[in-house]
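Next come the chains, spelled out residue by residue.
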Amino acid sequence: MVIVKFEKVNMREFIPHLDIMRVFNMAFRRSGLKVNYSEGFNPHALFFFCQPLPLGVASRAEYFCVSTSETAEDVKNKLNENLPKGIKILKTKTVDGDPNFAANCGRADYVVEFDEVLPYFDLKNTILKKDEFLLTRIDKTGQRKTKNVRNSIFKLSQNENKLKMQLGYGNENLRADAMSKQILTNSATHSMVKLITKIKTYDKNGVDFDKKYFS
Amino acid sequence: MSFEKIKHLLLTVDKPARYIGGEFNAPKVKNNADCKFLMCFPDVYDVALSNLGIKILYHLLNEKKNVSCEFAFSPWFDMEKLMRENGVELYSLESKTPAKQFDIIGFSLQYELSYTNVLFMLDLANIPFRASERGEEFPLVIGGGPCAVNPHPISDFFDLFLIGDGEEVLPKLCDEYTKLKNNGTYRKSDFLKIVAGIEGVFVTSLNQESVKKAQVKDLDKTYFPTKVILPNLEVVHNRAVLEVFRGCAKGCRFCQAGFICRPMRFRKVDTLIDLASRVMSDIGYDEISLSSLSTCDYPHLKELLEKLKPIADEKKVNIALPSTRVDSFESEFIDGARKSSLTFAVEAGTQRLRDVIQKNITEENILLSCKKAFESGYSGVKLYFMIGLPTETEEDVKEIISLTKKIKWTYKQYATNKKSLRLTVSSSVFVPKPFTPFQREGQMHLEEVMKTQNYLKFELRKLGVKYSYHDAKSSQIEAILCRSGREMSNVIEDAYRSGCYFDAWTDKFHYDKWIEALKKNGLDPNELTRELKGELPWNNISVGVSQEFLENEREKAYKLREEQSESI
Ligand code: SF4
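Because the structure is a prediction, the values reported are computed rather than measured.

1. Points about the overall build of chain B
Counting its secondary structure elements, chain B contains 19 helices and 17 strands. Over its C-alpha trace chain B gives a radius of gyration of 24 Å, about what one expects of a compact globule, namely 24 Å for 568 residues. Projecting the C-alpha coordinates of chain B onto the three principal axes gives extents of approximately 75 × 60 × 50 Å. The burial tally for chain B puts 46% of its 568 residues in the buried class. Excluding contacts between residues fewer than 6 apart, the proportion of contacts in chain B whose partners are at least 24 apart in sequence is 77%.

Shown next, in the form of structure tokens:
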């Protein structure tokens, strides 16, 4: 098994998760790296991804595990020659078993950039010091659904026209795009989100995946 | 750059990956190229990138030092809206350059119902529709592909057409352009006069008396790309494609491709094996399709498959053969998972009508193939028919039902699979096409087609067979568009202006608006789909088969009808 950290930037955030998996699948084939296949009627290459990101969210900290006997070094170098611009392998490491990223991820850091200068948001007093933060969304049947998501908000800070946030990821998942929108709505601000980038992934106890799996 | 304006709004449209470029294997854009070419396909990204032809020409042009070729496709409605609201013009996928800034814009014309999308794309590019209204400041607009064999209906919109194979002519055109541009003497009209002398080039303003199609003589030595651009999204045919040969000698009398792509030209087995190995390592698909108009007619198919199979197996790549004959050896090369369904283009219900259209398939063949297939575990059959073929009678339609029954019965007798039989019948509508023996035929009347479709719907439902059919109305417009002359340009423009585009998408097709546009120009759809008498609009184009030959073939077809009705 080899675990992989990669980034997905430069408009590749608009490629849906299924097509990202296809990109890796084909990159492995092109690079001649052998991947193990599942048994059964319809064998597929064994990749184990983390919780997929919503379309439009870029990332500098994505992870997957692949069942292969190739060396970690080869996986990194050869894959990088075979990936489209914007998708890049950052780190690889050989491990004994599948660490099950999907089940272990718990939080993630995001940077949200806006198209205009933002007003100052009093995030501390309006959100962090409160027990409740309501997120409203319209569900598939067109109904408004409101939910308290305070437990999925770990950190929030503002730096001019950027917001940095640490949100629940995987279990108790809170989408960064939905959260940003809610903050804008609550403050009646008209600016729009320009880019959301996930920059770190943590486990449930807040340990950085890099530290937990790659050191 | 104007695309930047809408980048952060892309999430408001469906499938934003269609509009961002950056595909793997897309060549680097040469900013200082002498000739900047924009390869356009008048449909959405997913459809466009399923077409092999544009990919061949795109990579071919990009291999030339002085040419840079980029892609542009039709944005879907939501993206169109976003672009218009933000003043973003049609741009190239790779460098996001506005279409207007290119030297040459080329459209691939694969089906007539995409004509309004040509106007749609010019509209989004802020380029005037008519060649006569485009001064030196505008790019040349050129067209090619199968529809170009009768270029007249859309002539007003184009400066020139390439008729026939593009691999040799298109680079020549770019070279001529570069030559004139580099010595500072480029003027559109001079350029057009010069290139009118190249075989396969029809210049609309000159309306040459006779134009011969261009044809690559030696397909084996003809360029074929192996590092093919890889779509960002799953497209219609997501697999590597290898063109085994060009042309088809079967001579089905309704089939335009069969007549305009003659003669048959083959690639050698070793060439194909070399291409296949490179395609597999350069692209990474898990399936490779051996493509042509009728791959089973490749004379060295067995040898090709025997050599290809081990290479493909090693890379875990499946080989896909379109329309496999199960009774032949090829089936053993086809992967098990794909063995589930058989396809027959039967086209007509009776042997008589199949003889008339020269479709070489007998009921005995079909049933025998089915028997063997069912015995080896197949459980699906797809049958394709055409409604409204010349000389068709009620009898021919009824026989579709009885063939269906016979297949059901065969399954009952021989099936080894416990699943129930999945039988689907599809019907299209006969469209008389230029350069076929049936080019002058009338098209079956709309009501008549619908009556037949209803009959089949009713009868097949009784049998529990799935039936799908092609819309009669769009087939009528298709027939009108493919056979008319220059007068049609006004109709097409009127139709577009009244909201017709994406006509090939059934739910976007507005028959009433087309009829209105025809009426406005004093034309009657029934008149236009009648038998054509006198001079044919496409008489100045020659695709290699003579008009005498085609007339002869038509007579033969009719003789068959008479002979057979006498013997009854
Ligand atoms: S219908 Fe198929 S087999 Fe017949 S001529 Fe056309 S391409 Fe050939």
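From this point on, the discussion continues.
2. Quick word on the domain arrangement of chain B
Accessible area lost upon the coming together of the parts serves often as the stated size of an interface. All names here are of chain B. When cut into domains, chain B gives domain 1 (2–212), domain 2 (239–334) and domain 3 (341–470 + 533–568). Relative placement of domain 2 and domain 3: their C-alpha centres are 25 Å apart. At the interface, 14 residues of domain 2 touch 23 residues of domain 3. Its residues placed into classes, the side of domain 2 that touches domain 3 shows six nonpolar, three polar and five charged.

3. Brief notes about the sheet that holds strand 15 (residues 422–429) of chain B
Residues and elements named next belong to chain B. Strand order in the open sheet formed by four strands is 13-14-15-16, and the pairing between neighbours is parallel. Both outer strands of the open sheet, strand 13 (341–347) and strand 16 (466–469), are each paired with one neighbouring strand and no more. Each strand axis lies, on average, 20° off the axis of its neighbour in the sheet, ignoring direction. The strands that helix 13 (residues 394–414) touches are strand 14 (380–387) and strand 15; relative to strand 15, the one it contacts most, it runs at about 160°.

4. A short note on unusual backbone geometry
Residue and element names in this part refer to chain B. With an omega dihedral of -10°, the bond running from Arg262 to Pro263 counts as a cis peptide bond. Here Pro263 shows up in the loop between helix 8 (256–260) and strand 10 (265–266). In this structure, Phe435 takes a positive phi of about 65° despite not being glycine. Assignment of secondary structure puts Phe435 in the loop between strand 15 and helix 14 (446–463). Here Phe435 falls in the buried class, since 24 other C-beta atoms lie within 10 Å of it.

About the criteria used
- Residues numbered from 1 in each chain as written.
- Chains lettered and ligands numbered in written order.
- Predicted model: local features only at pLDDT ≥ 70, side-chain atom pairs only at ≥ 80, totals over all residues.
- Helix = DSSP H or I, 4+ residues; strand = E, 2+ residues; numbered from the N terminus.
- Rg over C-alpha atoms; globule rule 2.2 N^0.38 Å.
- Buried ≥ 20, exposed ≤ 12 C-beta atoms within 10 Å, placed from the backbone.
- Contact = placed C-beta atoms within 7 Å.
- Domains from an automatic or database assignment.
- Nonpolar A, V, L, I, M, F, W, Y, C, P; charged D, E, K, R; others polar.
- Pairing = 2+ DSSP bridges.
- Axes fitted to C-alpha atoms, helices over the stretch in contact; angles between N-to-C directions.

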